[in-house]
Amino acid sequence: MPPGTTGAPAVADGSRVRLRHLAERQDGEGWVIGRVETGDFVAVPDIAHRVLALLGEGHAVGEVAAQLRTQTGKGFAVGRFVAALDDLGFVAAIDDDARADTTAPKPSLPWLR
């Protein structure tokens with residue numbers, strides 16, 4: 001498998017993705033994104049942050065890839081990126097397929113019972 005790819009199959013170009021609420025913070029030349037309620041975070045480059053923004057605006061996976069190719073002259077594996085986000089539990093739905101949120105949130109005050 002080429003470096004930088006996940007084992008997950010790519011998401012179809014025509015698919016629309018709904019993400020869970022993700023916190024984000026710029027960190028140097030990249031971004032840290034993740035779910036506060038679960039404590040799961042990843043560092044991503046600026047282009048990945050742009051992908052998230054375009055998906056959040058309702059663009060299909062293939063439309064996002066085409067926009068990025070037009071803007072940068074480079075190709076991006078947006079479908080594979082979405083599949084990796086899905087593996088992390090960051091995706092709420094792909095098209096009409098809602099993803100179960102099986103990750104229990106970490107208690108904010110664990111000493112309280």
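Fair warning: this is a prediction, and the values are worked out from it, not measured in the lab. (Residues numbered from 1 in each chain as written. Predicted model: local features only at pLDDT ≥ 70, side-chain atom pairs only at ≥ 80, totals over all residues. Heavy atoms only, no water.)

A.B. asks: Honestly, the pairing of strand 4 (residues 40-45) in this entry has me stumped. Any pointers?
C.D. replies: Strand residues, when the strand is regular, have side chains that alternate between the two faces of the sheet. Two elements, strand 3 (residues 30-35) and strand 4, share six bridges in a ladder whose sense is antiparallel. The partner of Gly-30 across the bridge, within strand 4, is Pro-45. Here strand 3 folds back onto strand 4, and the loop between the two strands holds four residues, one of which, Gly-39, carries a positive phi near 80 degrees. (Pairing = 2+ DSSP bridges. Helix = DSSP H or I, 4+ residues; strand = E, 2+ residues; numbered from the N terminus.)

A.B. asks: What exactly am I supposed to notice about helix 2 (residues 61-72) here?
C.D. replies: Along an α-helix, a turn takes 3.6 residues, which lines up residues three or four apart on a common side. Helix length check: helix 2, at 12 residues, gives a terminal C-alpha distance of 17 Å against a target of 16 Å (1.5 Å per residue), a fit within 8%. Taken together, the buried positions of helix 2 are Val-61, Gly-62, Val-64, Ala-65 and Leu-68. Burial along helix 2 is one-sided: seen end-on, the buried residues are contained in an arc of 160 degrees. Where helix 2 is buried, its residues meet strand 1 (17-19), helix 1 (46-56) and helix 3 (78-87). Immediately beyond the C-terminal end of helix 2, within one or two residues, lies Gly-73, with a positive phi of roughly 80 degrees. (Expected span 1.5 Å × (residues − 1). Buried < 20%, exposed > 50% of the residue type's maximum accessible area, 1.4 Å probe, protein only. Arc of directions from axis to C-beta. Contact = heavy atoms within 4.5 Å.)

A.B. asks: Mind showing me how you'd approach the sheet that holds strand 4 here?
C.D. replies: Read from one edge of the open sheet, three strands run 2-3-4, paired in antiparallel fashion. In the strand order of this sheet, the two ends are held by strand 2 (23-27) and strand 4, each with one partner. Taking the axes of each pair of neighbouring strands and ignoring which way they run, one obtains an average angle of 25 degrees across the sheet. Relative to strand 4, helix 1 is tilted by about 110 degrees, and along the sheet it contacts strand 2, strand 3 and strand 4. (Axes fitted to C-alpha atoms, helices over the stretch in contact; angles between N-to-C directions.)

A.B. asks: When you look at the environment of Asp-97 in this model, what are you seeing that I'm missing?
C.D. replies: Mapped onto the elements, Asp-97 comes out in strand 6 (residues 97-98). Residue classification places Asp-97 among the partly exposed positions, given a relative accessible area of 43%. For the pair Asp-97 and Val-17, spaced 80 residues apart in sequence, the C-alpha separation works out to 9.5 Å. Within the local environment of Asp-97, its side chain forms a polar contact with the side chain of Arg-99, the two groups lying 2.3 Å apart. (Polar contact = N/O pair within 3.5 Å; in protein donor to acceptor, adjacent residues only side chain to side chain.)

A.B. asks: Just to check I follow, could you spell out the packing of helix 1 against helix 3 for this structure?
C.D. replies: Each pair of packed helices can be summarised by the angle the axes make with each other and by the distance between the axes. Axis separation between helix 1 and helix 3 bottoms out at 11 Å; the angle between their running directions is 85 degrees. In terms of their interaxial angle, helix 1 and helix 3 are classed as roughly perpendicular. For the pair helix 1 and helix 3, the contacting residues are Ala-48, Val-51, Leu-52 and Leu-55 in the first and Val-78, Phe-81, Val-82 and Leu-85 in the second. Considered class by class, the residues forming the contact of helix 1 with helix 3 number eight nonpolar, no polar and no charged. (Parallel < 35°, antiparallel > 145°, perpendicular 65-115°, else oblique. Nonpolar A, V, L, I, M, F, W, Y, C, P; charged D, E, K, R; others polar.)

A.B. asks: What is the right way to look at the sheet that holds strand 1 in this model?
C.D. replies: In any sheet, the strands associate via hydrogen bonds between backbone groups, in a parallel or an antiparallel arrangement. One open sheet holds the three strands; their spatial order is 1-5-6, and the pairing between them is antiparallel. Of all strands in the sheet, those with a lone pairing partner are strand 1 and strand 6, marking the two edges. Two elements, strand 5 (residues 91-94) and strand 6, share two bridges in a ladder whose sense is antiparallel. Residue pairing for strand 6: Ala-93 is matched across the bridge by Ala-98.

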